[in-house]
Amino acid sequence: MSAVLVLNADCGPLHRVSLRHAIRMLFRQVAVVHEAQPDDRIGVYPVPTVVRLVSYVVTRWRRGRGPGWSRAGVLVRDGRRCAYCGAAASTIDHVLPRSRGGRNEWLNTVAACGRCNNRKRDRTPAEARMPLRVTPFAPIWAASSLT
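Cut-offs and rules
- Residues numbered from 1 in each chain as written.
- Predicted model: local features only at pLDDT ≥ 70, side-chain atom pairs only at ≥ 80, totals over all residues.
- Heavy atoms only, no water.
- Pairing = 2+ DSSP bridges.
- Helix = DSSP H or I, 4+ residues; strand = E, 2+ residues; numbered from the N terminus.
- Salt bridge = Lys/Arg side-chain N within 4 Å of Asp/Glu carboxyl O.
- Buried < 20%, exposed > 50% of the residue type's maximum accessible area, 1.4 Å probe, protein only.
- Core = buried A, V, L, I, M, F, W, Y, C linked by side-chain atoms within 4.5 Å.
- Phe/Tyr/Trp six-rings, centres within 6.5 Å; stacked < 30°, edge-to-face > 60°.
- Lys NZ or Arg CZ within 6 Å of the ring centre and 35° of its normal.

S.K.: Would you mind showing me how to read the pairing of strand β3 (residues 31-42) here?
M.R.: The two faces of a sheet get side chains in turn, since along a regular strand they alternate between them. In this sheet, strand β4 (residues 45-53) lies alongside β3 in antiparallel orientation, the contact comprising 7 bridges. Residue pairing for β4: Val32 is matched across the bridge by Arg52. The loop that links β3 with its antiparallel partner β4 comprises 2 residues; one of these, Gly43, has a positive phi angle of about 65°.

S.K.: Would you explain the pattern of salt bridges in this entry?
M.R.: Between side chains of opposite charge, a pair can form as their charged atoms come close. A complete count under the given rule lists 4 salt bridges for this structure. When the shortest N-O distance is used, the salt bridge between Asp93 and Lys120 registers 3.2 Å. Of the two residues, Asp93 is situated in strand β5 (residues 91-94) and Lys120 in helix α3 (residues 114-120); the sequence distance between them amounts to 27 residues. The pair formed by Asp93 and Lys120 is uniform in burial state, with each residue classed as buried.

S.K.: What is the right way to look at the pairing of strand β6 (residues 109-112) in this model?
M.R.: Side-chain alternation along β6 places Thr109 and Ala111 on one buried face and Val110 and Ala112 on a second face that is also buried. Examined bridge by bridge, β5 and β6 share 4 bridges and lie antiparallel to one another. Bridging from a neighbouring strand, His94 pairs with Thr109 of β6.

S.K.: Whenever I open this one, the nonpolar core confuses me. Can you help?
M.R.: Soluble globular proteins tend to bury their nonpolar side chains together. Of all hydrophobic cores here, the largest spans 13 residues; its most connected members are Val4, Val6, Val17, Met25, Val51 and Leu53. Listing elements by their share of this core, those giving two or more residues are β1 (3-7), β2 (13-18), α1 (19-28) and β4. The leading source of residues in this core is α1, at 5 residues. Membership of the second largest hydrophobic core comes to 10 residues, among which are Val110, Cys113, Cys116 and Ala128.

S.K.: Explanation requested: the packing of aromatic side chains in the structure shown.
M.R.: Both the distance between ring centres and the angle between the ring planes are used here to describe each pair of aromatic rings. Summed over the entire model, instances satisfying the criterion amount to 0 aromatic pairs. Sitting over the face of the ring of Phe137, Arg77 holds its NZ or CZ atom 5.5 Å from the ring centroid.

S.K.: Just checking my understanding: could you explain unusual backbone geometry for this structure?
M.R.: Generally, phi is negative for residues other than glycine and the peptide bonds are trans, each holding for most cases. Even without a glycine there, the phi angle at Cys11 is positive, about 70°. As for its placement among the helices and strands, Cys11 is situated in the loop between β1 and β2. In this model, Arg80 sits at a positive phi of 55°, which is unusual for a non-glycine residue. Secondary-structure assignment places Arg80 in the loop between α2 (71-77) and β5. Given a relative accessible area of 45%, Arg80 falls into the partly exposed group.

Quick look at the structure:
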């Protein structure tokens, strides 16, 4: 199944849904076809490539702080590469260890391989003589694929 772009009532992009979900939206009359494939139909509906919502959906939350912190999000943000040696990462590491007050935050966590994570233990990168290859950052919604 192909993905269908969903536009807000003001024609701003919201997200993508499956073709099946888009047809359900048309059937429930919460959306209308904005663009469709020529000469293709599913029952009485043209096969949509873009649908537009009938009523406006407030998306203020998307312009806020950005995605919430998660282990999976940190791994995706860092491309599943260890921030210390560049190998494949499967764990996360706290730059300021939790035992010293470090928190689960975007700016305090990086992806790490198991070997580097064990080697660093509960020390800071400077104390462990393990400099970071990347600088942790907090992703924003516009550039995020963490959703």
